Amino acid sequence: MAPLNLPVLAGAAAAARMLLLLVPPPPLPFRYIPVLMAQAKIYWERENYPLVERLFRQSAEFCSEHDAWKLNVAHVFFMQDARFKEAIR
């Protein structure tokens, strides 16, 4: 069995850390939307659609251009009685 070369391993670890610093993080909506959907799912399962709508309205500033967010907002409107026109919009 060959002995471990610790300076080489330390150099590889430093290179991996440097790569993590150079790669930019994903944009905020891509990290925030899964968390938002998990929160909304709690109220969705309780059929508390107005509270789900409130969560989405609070996040509109950050996520309004994201397709998954738009689709879920439309679905919330659709599930509420007499809000079909808003769901289409």
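Refer to the preceding data block for the structure.
Residues numbered from 1 in each chain as written. Predicted model: local features only at pLDDT ≥ 70, side-chain atom pairs only at ≥ 80, totals over all residues. Heavy atoms only, no water.

## Section: the pattern of salt bridges
This is how the line gets drawn: Here, a salt bridge means any Lys or Arg side-chain nitrogen found within 4 Å of an Asp or Glu carboxyl oxygen. The helix count covers DSSP runs of H or I at least four residues long, the strand count covers runs of E at least two residues long, and both are numbered beginning at the N terminus. Buried residues are those whose accessible area, probed at 1.4 Å on protein chains only, stays under 20% of the maximum for their type, while exposed residues exceed 50% and partly exposed ones sit between those limits.
Tallied over the entire structure, the rule returns 2 salt bridges. A salt bridge links Arg57 to Glu53, with the nearest nitrogen and oxygen atoms 2.7 Å apart. Within this pair, Arg57 and its partner Glu53 are both found in helix H3 (residues 49-58), separated by 4 residues, close to a single helical turn. The class of Arg57 is exposed, set by a relative accessible area of 52%. When its relative accessible area of 11% is taken as the criterion, Glu53 is described as buried.

## Some thoughts on the packing of H3 against helix H5 (residues 67-79)
For clarity, the cut-off: Think of each axis as a best-fit line through the C-alpha atoms, taken over the contacting stretch in the case of a helix, with angles from 0 to 180 degrees between the N-to-C directions. In these notes the angle categories are as follows: under 35 degrees is roughly parallel, over 145 is roughly antiparallel, 65 to 115 is roughly perpendicular, and the rest is oblique. With the far helix as reference, a near helix turned anticlockwise by less than a right angle produces a left-handed crossing, and one turned clockwise produces a right-handed crossing. Pairs of residues are marked as contacts when any of their non-hydrogen atoms sit within 4.5 Å. Throughout this entry, Asp, Glu, Lys and Arg are counted as charged residues, while Ala, Val, Leu, Ile, Met, Phe, Trp, Tyr, Cys and Pro are counted as nonpolar. The remaining residues, Gly among them, count as polar.
Packing of H3 against H5 brings their axes to within 10 Å, and their N-to-C directions diverge by 150°. Regarding the angle of H3 to H5, the classification is roughly antiparallel. Our pair here, H3 against H5, has a crossing hand that is left-handed. Touching Tyr49, Val52, Glu53, Phe56 and Arg57 of H3 are Trp69, Asn72, Val73, Val76, Phe77 and Met79, all from H5. Its residues assigned to classes, the contact of H3 with H5 shows 8 nonpolar, 1 polar and 2 charged.

## Here we look at the nonpolar core
For soluble globular proteins, the rule of thumb is that nonpolar side chains tend to be buried together. Selection rule: Throughout, nonpolar core names a set of buried Ala, Val, Leu, Ile, Met, Phe, Trp, Tyr and Cys residues whose side chains join them through atoms within 4.5 Å.
Among the nonpolar cores identified, the biggest contains 12 residues, and these are Ile33, Leu36, Met37, Ala40, Val52, Leu55, Phe56, Cys63, Trp69, Val73, Val76 and Phe77. The set of elements that each furnish at least two residues to this core consists of helix H2 (28-45), H3 and H5. Those residues in contact with Ile33, other than ones at most four positions away along the chain, are Cys63, His66 and Trp69.

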